[in-house]
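Next come the chains, spelled out residue by residue.
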Amino acid sequence: MDPNSSLSKRISAFLASIAGCLVMIYVVGPWLDTLESIKPLADFIDERNIDANAYYYTEVEEFADAELNMKNTMQYMPK
Amino acid sequence: MKHYGIGYAAWAILFGMIISNTIGTPTWVMPAVQTEYYIKTGLVLLGAEVLFNKILSIGIPGIFVAWVVTPVVLITTYWFGQKILKIESKTMNMTISADMSVCGVSAAIATASACRAKKEELTLAVGLSLIFTAIMMIVMPAVIKATGMPYILGGAWMGGTIDATGAVAAAGAFLSEKALYVAATIKMIQNVMIGLIAFGVAIYFVAEEEAASGRKVGLIEIWNRFPKFVIGFIFASIVFSVIYTSIGKDLAYVIIDHGAIRGLSKIGRGWFFCLAFVSIGLATNFRELKGYFKGGKPLILYVCGQTLNLTLTLIMAYIMFYLVFPEITAKI
């Protein structure tokens, strides 16, 4: 946005952008969750309470379980 | 939105950009917009979470899938970007290549800082990664089921290719517990690679600068130009890795994994990265950002690189898990 445009224009653009984000979060997102190809995965993530947004392995509990399981597999593998 | 792997980084950049491009970033906020400081502090804290002993979690198959395929894809994609696509910005090329081949946002942050990429280049890399993460976490489990692929192979495939760590957990668990265990372990081994990638990229770009200047400079000059936070990052990683291996695995699991890391450094690191992304958003202009996307080259680079990643990872995972080490696979 042109920094020289009027304050009312800039505030309107700000409010419109926030409204757009809210539409994405509360309308588009939930609608996408109802699609046949997405619903099973979305429901599964909710049921298991998996943090699908995590960026590093220390933020996801499933990684700790997986590591423990793999360590036990490697350590106690029958010879 | 949490179902699509769109986490705090995306929202922080988005809200920052909305403010800066509409009402404008207030002048009194500007002293707090310290992107570099937040990123580098966050990265040193991240170093404490990079525990080198994790790479042995699944034995040699995991090392080959995560530590052999990943550098090959990274270097090949970078070469492709430079020689074939002729992307002008080497730093943008490297950031996108690392973000796609290693582990998404965290790799993008570390690599962008190591090669001193511009904040717009980091924003672009993060945006591309999040879009394709959302697509891949939905499509890949469906492809694996439809093709009748064994779930262990499918898990290794997803772990080595889906960028975002949380999305790997979701997609892996959705397939099966075994797929989750393998996918999560492969991704964790890739996460640990961030430190070495950042170090290697820093060395490469400092050497590149020297070659471009045409002057032969001494080690002192190279040391002066080397991004120091990488030293802190590697040092924190080495210290915590040594402590982890020396106190025994059970005590280490409690004190380091779930104590120092999950209880302290992870929280601090998360907040510093969030502040960094807000700062990036507050200092980014939409028009400037659009300029980096010209010709669609970043998108082409990402798609071509990810195609190579998907192909090589699947081949390597099959060879390692089913031809070379079938006994490990049978016991998982």
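Quick caveat: nothing in here was measured; it's all calculated off a predicted structure. (Residues numbered from 1 in each chain as written. Chains lettered and ligands numbered in written order. Predicted model: local features only at pLDDT ≥ 70, side-chain atom pairs only at ≥ 80, totals over all residues.)

*Asks:* Describe the overall build of chain B, naming the residues involved and giving the relevant values.
*Replies:* Regarding its fold elements, chain B presents 16 helices and 0 strands. Here the C-alpha radius of gyration of chain B, 20 Å, is about what a compact globule of 332 residues would show, namely 20 Å. Its C-alpha atoms give chain B principal-axis dimensions of roughly 60 × 45 × 45 Å. Within chain B, the proportion of its 332 residues that are buried is 54%. In chain B, of all internal contacts separated by at least 6 residues, the share reaching a separation of at least 24 is 82%. (Helix = DSSP H or I, 4+ residues; strand = E, 2+ residues; numbered from the N terminus. Rg over C-alpha atoms; globule rule 2.2 N^0.38 Å. Buried ≥ 20, exposed ≤ 12 C-beta atoms within 10 Å, placed from the backbone. Contact = placed C-beta atoms within 7 Å.)

*Asks:* Summarise the interface of chain B and chain A; cite the residues concerned and give the values.
*Replies:* The partner chain A presents 40 residues to the 42 residues of chain B that form the contact. Counted by class, the side of chain B that touches chain A contains 21 nonpolar, 14 polar and 7 charged residues. (Nonpolar A, V, L, I, M, F, W, Y, C, P; charged D, E, K, R; others polar.)

*Asks:* Tell me about the packing of helix α3 (residues 59-84) of chain B against helix α4 (residues 90-101) of chain B, and please be specific about residues and values.
*Replies:* Axes are the key here: two packed helices are described by the angle between their axes and the distance separating the axes. Residues and elements named next belong to chain B. Across the interface, α3 lies against α4 with an axial gap of 9 Å and an inter-helix angle of 150 degrees. In terms of axis orientation, α3 runs roughly antiparallel to α4. Crossing hand, α3 versus α4: right-handed. Contacts between α3 and α4 involve Thr 70, Val 73, Leu 74, Thr 77, Tyr 78, Gly 81 and Gln 82 from the first element and Lys 90, Asn 93, Met 94, Ser 97, Ala 98, Met 100 and Ser 101 from the second. For the contact of α3 with α4, the residue count by class is 6 nonpolar, 7 polar and 1 charged. (Axes fitted to C-alpha atoms, helices over the stretch in contact; angles between N-to-C directions. Parallel < 35°, antiparallel > 145°, perpendicular 65-115°, else oblique. Left-handed = near helix turned anticlockwise from the far one by under 90°.)

*Asks:* Summarise helix α8 (residues 165-175) of chain B; cite the residues concerned and give the values.
*Replies:* Counting buried residues in α8 of chain B gives 11 out of 11 residues, a clear majority hidden from the surface. Residues Thr 165, Gly 166, Ala 167, Val 168, Ala 169, Ala 170, Ala 171, Gly 172, Ala 173, Phe 174 and Leu 175 of chain B constitute the buried set of α8 of chain B. Of the surrounding elements, those touching the buried residues of α8 of chain B are α2 (39-48) and α3 (61-75) of chain A together with α6 (119-147), α7 (151-161) and α9 (177-192) of chain B.

*Asks:* Any details on the nonpolar core? Residues and values, ideally.
*Replies:* In terms of nonpolar packing, the biggest core is built from 126 residues, with Ala 170 and Ala 171 of chain B touching the most fellow members. Per-element accounting of this core gives the leading share, 13 residues, to α6 of chain B. There are two domains that each give this core at least three residues, and those are domain 1 (1-48) and domain 2 (53-79) of chain A. Setting aside anything within four residues of it in sequence, one finds Ala 170 of chain B in contact with Leu 41, Ile 45, Ile 50 and Ala 52 of chain A together with Met 137 of chain B. (Core = buried A, V, L, I, M, F, W, Y, C linked by C-beta atoms within 7 Å. Domains from an automatic or database assignment.)

*Asks:* Before we move on, could you go through the domain arrangement of chain A and cite the residues and values that matter?
*Replies:* Bring the parts together and some accessible area is lost; that lost area is often taken as the interface size. When its domains are assigned, chain A resolves into domain 1 (1-48) and domain 2 (53-79). Centre-to-centre separation of domain 1 of chain A and domain 2 of chain A, based on C-alpha positions: 35 Å.

*Asks:* Which residues make up the environment of Ile 194 of chain B, and what values go with them?
*Replies:* Residues and elements named next belong to chain B. By secondary structure assignment, the location of Ile 194 is in helix α10 (residues 194-213). Residue class for Ile 194 comes out buried when judged on the 26 C-beta atoms lying within 10 Å of it. The spatial distance from the C-alpha of Ile 194 to the C-alpha of Tyr 151 is 27 Å, given a sequence separation of 43 residues. Setting aside chain neighbours within four positions, we find Ile 194 in contact with Val 50, Val 102, Cys 103, Ser 106, Ala 107 and Ala 110.

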